[in-house]
Amino acid sequence: MQPNWLMQRSYLTPNRIGLSFGEETWTFVQLAERAAQIAGQLASCGFQAGDRVALLGPSTPELIHVIHACMHLQLEMVFLNLRLAPSELTYQIADAQVTGILVADSETTKIQAHAHTTFSALFSQPINEVSLAPEWDEQQTISIMYTSGTTGFPKGVRQTVQNHSSSAISSVLNMGLSERDVWLCIVPIFHISGFSILMRSLLYGMPVRLYEKFDAAICAEEIACGTVTRMSAVSAMLERVLSYMEAHGLTAHENFSGILLGGGPVPVDYLKRAARLNLQVAQTYGMTETSSQTATLSNEDAMRKLGSAGKPLFFNQIKIDGANAACVEGEICIKGPHVTPGYIGQFSKLAALEDGWLKTGDIGYLDEEGYLYVIDRRSDLIISGGENIYPAEIENVLLAHPLIQEAGVCGVEDEVWGQVPAAFIVIKAPITAEKVIEFCKMHLAHYKIPKTIKFVEELPRNGSNKLLRRKLRQL
């Protein structure tokens, strides 16, 4: 068992700032009181402990308050990605079999086909008296996030009390903690990178400086002024922050401890530019199934171990399947209390672990000192601005078009986003690239829409007729 994090944090450090947004601030006791109030309003709507609720909203204080209330009431939260198309949201809502949907007033058009409760409607409900549990079972599911699968159908990943607490504790054992720490949150809360910041805040007693959207200028100014000490980002964000700081003659304040950088390999040039600005960068490797980072490269090793994702965090283990020596490539496997116990919905019977290990599908190796190098992230995976895109998901949409016979998708290099999807199509009858794009816009999130459409006579396949996506780039 673990203590109710909201109750415990508001008891230990009631008057410490827990959240700031613009000019507004909330202490931890204010956050807990607001959460208890909304928990009573959720109860008046019929929600009770153990129910599963979908959340859709931007990274605002309102969303944070609702999240805290759901945790207080012990609801399982299914986080919906704001960038998804309505059909994608429909799949996740149906697969999760949620009791209800809570949505920010600004986002209702995306789920108008589904019964839902807006935040404003929730906040106007009467406040029922509810008994809030002072302790949580470690295996209780807190959050569920969908991650794309190689089949093209996203899987709902369970993240428990133990998963989140183990991840947060491992992280702080690696990077340390100071009373002056403030985490700048500019990554979406519906991503594990954003939600894990909220979990660390409650466990560490650390303020979160929240912004609804990423803005390079704001991030650079906060870093230079020393008003924040930590930040999570992906490479595309880092480059924009670096460019702004360089253009305006800014350097990182001595209070700023560093950036946790995930979402794929970091260009060496970015690390060198960051070093010139006194900006420390810690490369990380993790995924939805591991409740954020599972390995981190310390800043002191950044230049010595270029390209490495570092060593596993304290409670975590990493091995390369089948490797019996250093620098032998194979599938990366992960073990530890931060790893998901399993999935929900149509993948609920799919075992997440094999003999206690999570087989990631990523290919990499460990060097002589035990540092992890990720060679290929799920071989066919496209990482665009930190977003994971599986080609099969796009191909399934393309193949639903009546004029398309075959479709293959791969990632191509892009200066801004790292990679973007490109589609190769065999058609049944004439159709323009513009019409294909229009069709994709109806079924896919913007970042998943192919940036290039190529019409070909045939797709590269092997002897068993399996599509060879690695050869698409040669086309």
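Heads up: the structure comes first, above all this text.
In short, a report on the structure. Bear in mind the structure is a predicted one, so any value in this text is a computation, not a measurement. (Residues numbered from 1 in each chain as written. Predicted model: local features only at pLDDT ≥ 70, side-chain atom pairs only at ≥ 80, totals over all residues. Heavy atoms only, no water.)

In this section: the overall build of the protein chain. When helices and strands are tallied, the protein chain shows 12 helices and 26 strands. Relative to a compact globule of 475 residues, whose C-alpha radius of gyration would be 23 Å, the protein chain shows 22 Å and is just as compact. Principal axes of the C-alpha set define a box for the protein chain whose edges measure 65 × 50 × 50 Å. Per-residue burial for the protein chain yields a buried fraction of 57% across its 475 residues. Restricting to contacts in the protein chain with at least 6 residues of sequence separation, those with at least 24 account for 68%. Only carbon and sulfur atoms are counted for the fraction: they give 49% of the accessible area of the protein chain, which is about 20000 Å². Charge centroids of the protein chain, computed over 38 positive and 49 negative side chains, lie 4 Å from each other. (Helix = DSSP H or I, 4+ residues; strand = E, 2+ residues; numbered from the N terminus. Rg over C-alpha atoms; globule rule 2.2 N^0.38 Å. Buried < 20%, exposed > 50% of the residue type's maximum accessible area, 1.4 Å probe, protein only. Contact = heavy atoms within 4.5 Å. Areas by Shrake-Rupley, 256 points an atom, 1.4 Å probe, with all protein chains shown as cover. Lys, Arg positive; Asp, Glu negative; His and termini not counted. Charge placed at Lys NZ, Arg CZ, Asp CG, Glu CD.)

This paragraph deals with helix 4 (residues 86–96). Residue pairs spaced three or four apart in an α-helix point in one direction, given the helix's 3.6 residues per turn. For helix 4, the complete set of buried residues consists of Glu88, Leu89, Gln92, Ile93, Asp95 and Ala96. At the exit of helix 4 stands Gln97, carrying a positive phi of roughly 50 degrees.

Attention shifts here to the sheet that holds strand 24 (residues 404–414). Strand order in this open sheet of 3 strands is 24-25-26, and the pairing throughout is mixed. In this open sheet, the two strands that pair with only one neighbour each are strand 24 and strand 26 (452–455). Neighbour to neighbour, the strand axes of the sheet diverge by 25 degrees on average, direction disregarded. Both strand 25 (residues 418–427) and strand 26 contribute to a ladder of 4 bridges, which runs parallel. Across the sheet, the residue bridging to Ala423 is Ile453, located in strand 26. Against the sheet, helix 11 (residues 391–398) touches strand 24 and strand 25, its axis set at about 145 degrees to strand 24. Most of the contacts of helix 12 (residues 433–441) go to strand 26, to which it runs at about 130 degrees, and overall it touches strand 24, strand 25 and strand 26. (Pairing = 2+ DSSP bridges. Axes fitted to C-alpha atoms, helices over the stretch in contact; angles between N-to-C directions.)

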